[in-house]
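Now for the letters of each chain:
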Amino acid sequence: MNAYQKANSKLYLSVRNRLTRIFQPINIVPKDAKRKNQEILSRSQRLMLELGIIRQANPGSFHFLPLGVRALDKLLHIVDEEMLKIGAQKVIFPTLTHSKLWKSTGRLEDFGSELFTLTDRHNQMYILSPTHEEAVSDLIASVSQISYKEFPLKLYQTTNKYRDEIKPRFGLMRGRQFLMKDLYSFDIDLESAKHTYDEVCDCYNAIFTKIGVPFHKVMGSVGAMGGSLSHEYHYKADIGEDQLMRCSDCGLHANIDLVGRDKCSNCNSTNVTISNGIEVGHTFLLGDKYSKALKANYLNEKKKPISLQMGSYGLGLSRILAAVVEVLSQEEEMRWPLALAPYTAIIIPPKEGSKEEEAGYHLTERVCSLLETLPCLENNILLDDRIHFTIGRRIIDARRVGYPFIIVIGSKCMEQMPLFELVDLRRNTSINLNEEQLLLYF
Ligand code: ATP
Ligand code: MG
Ligand code: MG
Ligand code: MG
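Quick summary incoming for the structure in this document. Please read these numbers as outputs of a predicted model, since none were measured by experiment. (Residues numbered from 1 in each chain as written. Chains lettered and ligands numbered in written order. Predicted model: local features only at pLDDT ≥ 70, side-chain atom pairs only at ≥ 80, totals over all residues. Heavy atoms only, no water.)

### Comments concerning helix α10 (residues 317–328)
Inference 1: Its 12 residues give α10 an end-to-end C-alpha distance of 17 Å, which sits within 8% of 16 Å, the value for a rise of 1.5 Å per residue.
Inference 2: Burial within α10 is extensive, with 10 of its 12 residues counted as buried.
Inference 3: Every buried residue of α10 is accounted for by Leu 317, Ser 318, Arg 319, Ile 320, Leu 321, Ala 322, Ala 323, Val 324, Val 325 and Glu 326. (Helix = DSSP H or I, 4+ residues; strand = E, 2+ residues; numbered from the N terminus. Expected span 1.5 Å × (residues − 1). Buried < 20%, exposed > 50% of the residue type's maximum accessible area, 1.4 Å probe, protein only.)

Here it is, written out as structure tokens:
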């Protein structure tokens, strides 16, 4: 800590979250034209690297820095809340899955070189799991005598997944290690499995609605995962690596993997439009592909073992963070949906040595503690205590990181009825409010 930071650290001690206490290494990433290696960066990747949200460790793997973790925690909270509503139970499966499980479902070959594998000292081959259908089926198979009365069963986790992608790129968008929320459902027959599938799709709609960025649910192909029915959730963006087809005649919206791109697979119309999408979620009605291979059974009324009907549902949590930033941001300014912004509001007090400094100091402490009492702002106010910088400079920084609300305690704080400037980035407005009006704004 330098002398300056020391002096500052004595200020605003009553405020919980202060910018000088946050590890946020700022880092200028040259624009594409100036880059020596030809890798093209996506907007979200460049902004998140520059503004200390993430930092690259290896190709396709990243450190999440404190502001990034705050956004991620908010996303996890939304997911956990919605999972609870459908009675899904949180578990953690091991990262290592024995290769023999993958052999028995045929996926050791299907996944091929995308699998990260390793061999232990006993010459046993393991997989750094890219997904957990085998692991969860083996778990259920290991529990003998499960009665039909125990179903439907829904187990989910939020853990790192590992895939040796040919082309890791766009930062968190396509990592080789990434965070996925994966849910697996087990039912006693196809009809109830379809019911569970619909329920989980409704739950995913609720999650994406809470995140607050327009999303599209489209028909997907089951591919190597197998099963009979699949949907994908997408954010539309130019850099999206999937192509989506919408039929103007019958309304089908589908990944072109399912339908080709020239005509609609449902009604054969050529009246179709194509757009790019970022796949942020994927649901599968799997049937008994995994349960049969790995003997995940239940006992029916006559105590006869029957294969369970499964569903598998993935949400790319780290990809969602990059994708929402990609969709909402401007060229030089990051934007977050309100629900995921690392802090909802940032407060900028007067510069040290300015004539407003003293009045502003008391007002800042007061306003911070008042705003913290509002449920929507609790632990969500950040104070920019870099008072050696001008207010203007700190507003520029705050806009770049994209805190949805910027509250400036500036020249108008000396007036008899002190006024605060509130910059609302989502509405792109700036207004002066007194204390009461400020509190009512949230
Ligand atoms: P993609 O088509 O982009 O390769 P996928 O279809 O292989 O993705 P799934 O197996 O369906 O991915 O996994 C579920 C979710 O995990 C995806 O919808 C996506 O949001 C996320 N995901 C998949 N691969 C990655 C990755 N390499 N980096 C970040 N997120 C990923
Ligand atoms: Mg893939
Ligand atoms: Mg895909
Ligand atoms: Mg997929």
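From this point on, the discussion continues.
### Here's the deal with the sheet that holds strand β6 (residues 125–128)
Sheet strands pair via backbone hydrogen bonds, and the direction of the pair is either parallel or antiparallel.
Inference 1: Within the open sheet, the 3 strands sit side by side as β4-β6-β5. Their pairing is antiparallel. The sheet is open, and its two borders are formed by β4 (96–98) and β5 (116–119), each paired with just one other strand. Neighbouring strand axes in the sheet, compared pairwise and without regard to direction, differ in orientation by 35° on average.
Inference 2: In this structure, β5 lies alongside β6, joined through 4 bridges in antiparallel fashion. Its bridge partner being in β6, Phe 116 is matched across the sheet by Leu 128. (Pairing = 2+ DSSP bridges. Axes fitted to C-alpha atoms, helices over the stretch in contact; angles between N-to-C directions.)

### Considering helix α3 (residues 66–85)
Inference 1: An ideal rise of 1.5 Å per residue puts 28 Å on 20 residues; α3 measures up with 29 Å between its terminal C-alpha atoms.
Inference 2: Looking only at α3, the buried set comprises Leu 67, Gly 68, Arg 70, Ala 71, Leu 72, Lys 74, Leu 75, Leu 76, Ile 78, Val 79, Glu 82 and Met 83.
Inference 3: The positive-phi residue at the C-terminal boundary of α3 is Gly 87, with phi of around 75°.

### A word on the packing of helix α2 (residues 43–50) against α10
Inference 1: The contact between α2 and α10 brings their axes to 8 Å, and the two run at 105°. For the element pair α2 / α10, the angle class is roughly perpendicular. Judged by residue contacts, Arg 43, Ser 44 and Met 48 of α2 engage Leu 321, Ala 322, Val 325 and Glu 326 from α10.
Inference 2: Residues belonging to the contact of α2 with α10 are distributed by class as follows: 4 nonpolar, 1 polar and 2 charged. (Parallel < 35°, antiparallel > 145°, perpendicular 65-115°, else oblique. Contact = heavy atoms within 4.5 Å. Nonpolar A, V, L, I, M, F, W, Y, C, P; charged D, E, K, R; others polar.)

### Some details on the site of ligand 1
Inference 1: Surveying the vicinity of ligand 1 reveals 14 residues, the closest of which are Glu 165, Arg 174, Gly 175, Glu 279 and Arg 319.
Inference 2: In this structure, a nitrogen atom belonging to ligand 1 sits 2.8 Å away from a side-chain N or O atom of Glu 165.
Inference 3: Contact with the protein chains covers 85% of the free accessible surface of ligand 1, which is 580 Å².
Inference 4: At the level of secondary structure, the elements contributing two or more residues to the shell around ligand 1 comprise β8 (177–187) and β13 (272–287).
Inference 5: Ranked by residue count, the leading element in the shell around ligand 1 is β13, at 4 residues.
Inference 6: Per-class residue counts for the shell around ligand 1 are 5 nonpolar, 4 polar and 5 charged. (Near = heavy atom within 4 Å. Polar contact = N/O pair within 3.5 Å; in protein donor to acceptor, adjacent residues only side chain to side chain. Areas by Shrake-Rupley, 256 points an atom, 1.4 Å probe, with all protein chains shown as cover.)

### Concerning the sheet that holds strand β19 (residues 405–408)
Inference 1: As summarised here, the arrangement of the 5 strands in space is β18-β17-β19-β20-β21, forming an open sheet in which the pairing is mixed. In the strand order of this sheet, the two ends are held by β18 (381–383) and β21 (429–433), each with one partner. Geometrically, the sheet is characterised by an average inter-axis angle of 20° between neighbouring strands, direction not taken into account.
Inference 2: Seen against the sheet, helix α11 (residues 357–372) touches β17 (345–348), β18, β19 and β20 (420–424) and runs at an angle of roughly 165° to β18.

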